[in-house]
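Spelled out from the first residue to the last, the chains are:
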Amino acid sequence: MTVLKILRYPDPRLHQVARPVEVFDDALRTLVKDMAETMYAAPGVGLAATQVDVHQRVIVIDVSETKDQLQVFINPQIVKASAEGRIYEEGCLSVPGIYEEVERPGVVRVRAFDENGKQFEIDAHDLLAVCIQHEIDHLDGRVFVQYLSRLKQNRIRSKMLKSDREAA
Ligand code: NI
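Residues numbered from 1 in each chain as written. Predicted model: local features only at pLDDT ≥ 70, side-chain atom pairs only at ≥ 80, totals over all residues. Heavy atoms only, no water.

**Q** How should I be thinking about the environment of alanine 83 in this particular structure?
**A** Relative to the helices and strands, alanine 83 resides in the loop between strand E3 (71-81) and strand E4 (85-90). Separated by 21 residues in the primary sequence, alanine 83 and arginine 104 have C-alpha atoms spaced 9.4 Å apart. (Helix = DSSP H or I, 4+ residues; strand = E, 2+ residues; numbered from the N terminus.)

Right, dumping it as structure tokens:
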């Protein structure tokens, strides 16, 4: 297993739209394993393939306290979303150190495939619902800071670029 490099905002590759997975093969399962390893190492609760510069619709999530409940969503689709919204403070491995409130539907029904090509559907609440929507956004080339005001986005962009320069 390999820990992959995570792209950092405002890297333009984070805005690429991912393509659906068509073949459920060993290469896909290796990608899922490497993404899980990368997420746990970070550590984080979710990771989209886009964030490791692989533009396929693959997400890994683990919202458990014990970090042993890996959930894999391939070609995920939200088939139902509650009208009622919930506000959560979100963060992102591609925007380290930034936490901001975002409002999203509180409950979503998600249809997806596992890494063996088996389709499933789940109702997600709370942190899992937030996480799935946040990660699907990544697959659509959207980073959570894009829900914030222009002013805040500019401030975050400058801050990230400055810390990249300092790290270089
Ligand atoms: Ni993220």
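**Q** Got a minute to help me understand helix H3 (residues 150-167) in this structure?
**A** Since one α-helical turn is 3.6 residues long, residues separated by three or four positions face the same way. Look at H3: 26 Å from first C-alpha to last across 18 residues, which is about the 26 Å you get at 1.5 Å a residue. Regarding H3, the residues found buried are Gln153, Ile156 and Met160. Buried residues of H3, seen end-on, are gathered within an arc of 65 degrees and therefore sit on one face of the element. Facing away from the buried side of H3 by over 90 degrees, the exposed positions are Arg150, Leu151, Arg155, Lys159, Arg165 and Glu166. (Expected span 1.5 Å × (residues − 1). Buried < 20%, exposed > 50% of the residue type's maximum accessible area, 1.4 Å probe, protein only. Arc of directions from axis to C-beta.)

**Q** Teacher, can you tell me more about unusual backbone geometry here?
**A** Each neighbour pair has its own omega, and for tyrosine 9 with proline 10 the value is 5 degrees, a cis peptide bond. By secondary structure assignment, the location of proline 10 is in the segment before helix H1 (26-41). A cis amide bond, omega -10 degrees, links alanine 42 with the succeeding residue proline 43. When you line up the elements, proline 43 lands in the loop between H1 and strand E1 (46-48). Non-glycine residue lysine 67 carries a positive phi angle of around 60 degrees. Mapping lysine 67 onto the fold places it in the loop between strand E2 (58-61) and E3. Phi is positive for aspartate 126, which is not a glycine, with a value near 50 degrees. Checked against the element boundaries, aspartate 126 lands in helix H2 (residues 126-139). Accessibility expressed as a relative area gives 39% for aspartate 126, which makes it partly exposed.

**Q** Sorry, what's going on with H1 here?
**A** If you check H1, its first and last C-alpha atoms are 22 Å apart, about what 16 residues at 1.5 Å a residue would give, namely 22 Å. Taken together, the buried positions of H1 are Leu28, Leu31, Val32, Asp34, Met35, Ala36, Thr38 and Met39. Along its buried surface, H1 packs onto E1, E2 and E3. (Contact = heavy atoms within 4.5 Å.)

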